[in-house]
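Take a look at the letters that make up each chain.
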Amino acid sequence: MVGAGPAGSAAALRARQLDPGGRVLLLDRAAFPRDKACGDGIAAHARQELALLGLPGLLDDHRPTPRLSVTSPGGIEVSAAVARPNHVVPRMVFDARLVEAAAARGVEVRRHRVRTLTARDGLVVLDGEVAARVVVAADGANSAVRRLIGVPPSPDRHTAIAVRGYADVPPDDDVQVIVMRSEGWPAYAWSFPVGDGTANVGYGLLLPMLRQTGRPGREILHGRLARLLPLLGEIRSPVRDLRAHHLPLSSGRPVPGAGRVLLAGDAASLINPLTGEGIYYALLSGRLAAEAAIGSPADPLRAYRRALRRALGRHLRTTDALSLAARSPGFIDAAISVAARRTEVFDLLVDVGLGAGTVPPRLAGTVALRWLRDRA
Ligand SMILES: Cc1cc2nc3c(=O)[nH]c(=O)nc-3n(C[C@H](O)[C@H](O)[C@H](O)COP(=O)(O)OP(=O)(O)OC[C@H]3O[C@@H](n4cnc5c(N)ncnc54)[C@H](O)[C@@H]3O)c2cc1C
C-alpha cells in the first residue's frame with residue numbers, strides 16, 4: 001500500500017484479515033502521527049467500516065456529535081439530531097491509530113516516499129527496491145502513483161479547495177454546523193466540535209470559483225473563513241493552525257487503476273461532491289481494493305472495479321446528478337427546506353452526503369417541484 005491515510009490503512013488491515021500469513025507493506029512519506037488538512041468529521045458510516053476492519057471501538061473515547069445544523073445558500077436552516085451520531089477526531093489522532101492498529105496486526109509500516117514505478121514479470125516494482133503482486137495507491141489527492149500509471153489528475157472543475165483551522169468553543173458544544181454561501185457558490189463554512197473545548201473550523205469552494213476571484217488563494221480562503229466565523233456558533237478564540245488542501249471530487253473520478261495498481265480514496269477522487277466528505281469512501285475503497293487483491297490475484301483491477309460499482313455505483317450516479325442540479329443554489333434551498341419539514345428526508349440527505357445513500361425518484365420529484373415553484 002502506498003499512503004497510510006484511511007484508505008491505505010484500511011487496505012492493509014483488510015489484507016491481513018483475509019491473508020494473515022501474507023506480507024503487507026504500508027509505505028508513507030510521513031512519520032506518524034502526522035497532520036492532514038481535514039474537517040476531522042468522521043461519519044457514522046465510516047465507523048461501520050472500522051467495525052468491518054475489526055476496530056469497532058477505535059473512537060469510543062471521543063464524544064459523538066449528535067446534532068447537525070445546515071443553512072442553505074438562501075438562508076434556510078435545518079437543525080436536527082442525526083439518526084446515527086458522527087464523530088470529530090483530529091486526523092493527527094485518527095490516522096495514527098489506524099497505522100498503529102495495522103502495525104499491531106502484522107503490517108510492516110515503513111517511512112518511504114514513492115517516486116518511480118515499473119511493471120516487471122507480473123510484479124509492480126516501486127523505486128527499484130520494493131516488488132509487490134498488487135499495489136494499492138492510497139497516496140492522496142496529489143497521488144504520485146496515479147501520475148506514474150498515466151491516469152490524469154482530477155480536472156479543476158471537479159476539484160474543490162478548502163482551509164481548516166482550530167478554535168476554542170464552549171466545551172459542551174456538540175453540534176456540527178454547516179453554513180453554505182451563495183458567494184462563490186458552491187461554497188460552505190463549517191464548525192465541527194471535537195468535544196474538548198475546541199472545534200475544527202473551515203471554508204471551502206470549487207477551484208474554478210477561487211481562480212475566478214483573481215486573488216491569491218490564501219487571501220480568499222482565510223478572509224472568507226474569518227468573515228463567516230460569527231455564523232458558525234460561539235467561537236471564542238482566533239483560528240490557529242490554518243492549513244489548506246485540494247479535494248478531488250467523485251464527479252470527476254478516473255478509472256480506478258491500471259494493471260496491478262488499484263487507486264483508493266482521494267487518489268481515486270472518491271470525495272463526495274456535495275459535502276467534501278472523503279474518509280468513509282477512503283476506508284471503503286481501501287477495503288474493497290484489498291479484497292480484490294487477495295480474492296482475485298489474476299485480475300484484481302476487474303474485481304475491484306466490479307466491487308466499487310456494486311458498493312457505490314448508484315450512489316455515485318446520484319451525487320453526480322445532484323451536484324449538477326446543485327449548480328443552482330436554489331436547488332439546495334429547496335432540498336433543505338423539504339428536509340427541515342420531514343425528518344426522513346433529513347436522514348436520507350445525510351446518507352447521501354456522508355454515506356452511500358441514494359435518492360428515491362419520488363423525493364427527487366418533490367424537491368424539483370419545490371425548486372421550480374420557488375423560481376417562478
Ligand atoms: C480542508 C478539508 C476538509 C475535509 N473535511 C473532511 C471531513 O470533515 N470529513 C471527511 O470525511 N473528509 C474530509 N475531507 C476529505 C478527507 O480529508 C480525505 O478524503 C481523506 O483524507 C482521504 O484519505 P486518503 O487515505 O485517500 O488520503 P490521505 O488521508 O491524504 O492520505 C494519503 C497519504 O499518502 C501519503 N503520501 C502521499 N504521497 C506519497 C508518496 N509519494 N509516497 C508515500 N506516501 C505518500 C501522505 O503522506 C498521506 O499520509 C476534507 C478535506 C480537506 C482538504
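Residues numbered from 1 in each chain as written. Predicted model: local features only at pLDDT ≥ 70, side-chain atom pairs only at ≥ 80, totals over all residues.

## A short note on the domain arrangement of the protein chain
Per the domain assignment, the segments of the protein chain are domain 1 (6–64 + 89–155 + 250–320), domain 2 (156–248) and domain 3 (325–375). Relative to domain 2, the C-alpha centre of domain 1 lies at a distance of 26 Å. Listed by partner, the interface residues are 20 residues for domain 1 and 22 residues for domain 2. Residues of the side of domain 1 that touches domain 2, tallied by class, amount to six nonpolar, ten polar and four charged. (Domains from an automatic or database assignment. Contact = placed C-beta atoms within 7 Å. Nonpolar A, V, L, I, M, F, W, Y, C, P; charged D, E, K, R; others polar.)

## Quick look at the UniProt feature "domain: FAD-binding" (unreviewed entry) in the protein chain
Following the UniProt record, the feature "domain: FAD-binding" (unreviewed entry) maps to residues 2–279 here. The span residues 2–279 shows a helical share of 22% and a strand share of 32%, and its end C-alpha atoms are spaced 17 Å apart. (UniProt positions renumbered as here; feature names shortened; annotations may be inferred. Helix = DSSP H or I, 4+ residues; strand = E, 2+ residues; numbered from the N terminus.)

## Quick notes on the site of the ligand
The environment of the ligand is made up of 38 residues, and the closest members are Gly3, Gly5, Gly39, Gly265 and Gly278. Looking at the shell around the ligand, the elements that each hand over two or more residues are helix H1 (6–18), strand S1 (25–28), strand S10 (159–168), strand S14 (240–248) and helix H7 (279–295). Residue classes in the shell around the ligand are distributed as 18 nonpolar, eleven polar and nine charged. Taken together, domain 1 (6–64 + 89–155 + 250–320) and domain 2 (156–248) each give at least three residues to the shell around the ligand, which thus spans both. (Near = placed C-beta within 6 Å.)

## A closer look at the sheet that holds strand S8 (residues 130–132)
Read across the sheet, three strands follow the order S6-S7-S8 without closing on themselves; strand pairing throughout is antiparallel. The sheet is open, and its two edges are formed by strand S6 (117–120) and S8, each paired on a single side. Taking each pair of neighbouring strands and ignoring which way they run, the sheet shows an average axis angle of 25°. Inspection of the sheet shows S6 paired to strand S7 (residues 123–126) by four bridges, in the antiparallel sense. Directly across from Ala119, in S7, lies its bridge partner Val124. (Pairing = 2+ DSSP bridges. Axes fitted to C-alpha atoms, helices over the stretch in contact; angles between N-to-C directions.)

## A closer look at the pairing of strand S12 (residues 187–193)
The buried fraction of S12 is high, at seven of seven residues. With burial as the criterion, each face of S12 is covered, one bearing Ala187, Ala189, Ser191 and Pro193 and the other bearing Tyr188, Trp190 and Phe192. Both strand S11 (residues 175–181) and S12 contribute to a ladder of five bridges, which runs antiparallel. Directly across from Ile178, in S12, lies its bridge partner Trp190. (Buried ≥ 20, exposed ≤ 12 C-beta atoms within 10 Å, placed from the backbone.)

## So, unusual backbone geometry
The omega angle of the peptide bond from Phe32 to Pro33 is 0°, so this bond is cis rather than trans. Among the secondary structure elements, Pro33 is positioned in the loop between S1 and strand S2 (41–42). For the bond running from Trp185 to Pro186, omega is -5°, close enough to zero to count as cis. Its location among the elements puts Pro186 in the loop between S11 and S12. One non-glycine residue, Asp121, lies in the positive phi region at around 50°. By the secondary structure assignment, Asp121 is in the loop between S6 and S7.

## As for the sheet that holds strand S16 (residues 261–263)
Taking strand neighbours across the sheet as the criterion, the three strands line up as S9-S16-S15 in an open arrangement whose pairing is mixed. Of all the strands in the sheet, the pair left with one neighbour each is strand S9 (135–137) and strand S15 (257–258). Both S15 and S16 contribute to a ladder of two bridges, which runs antiparallel. Bridging from a neighbouring strand, Gly257 pairs with Leu262 of S16.

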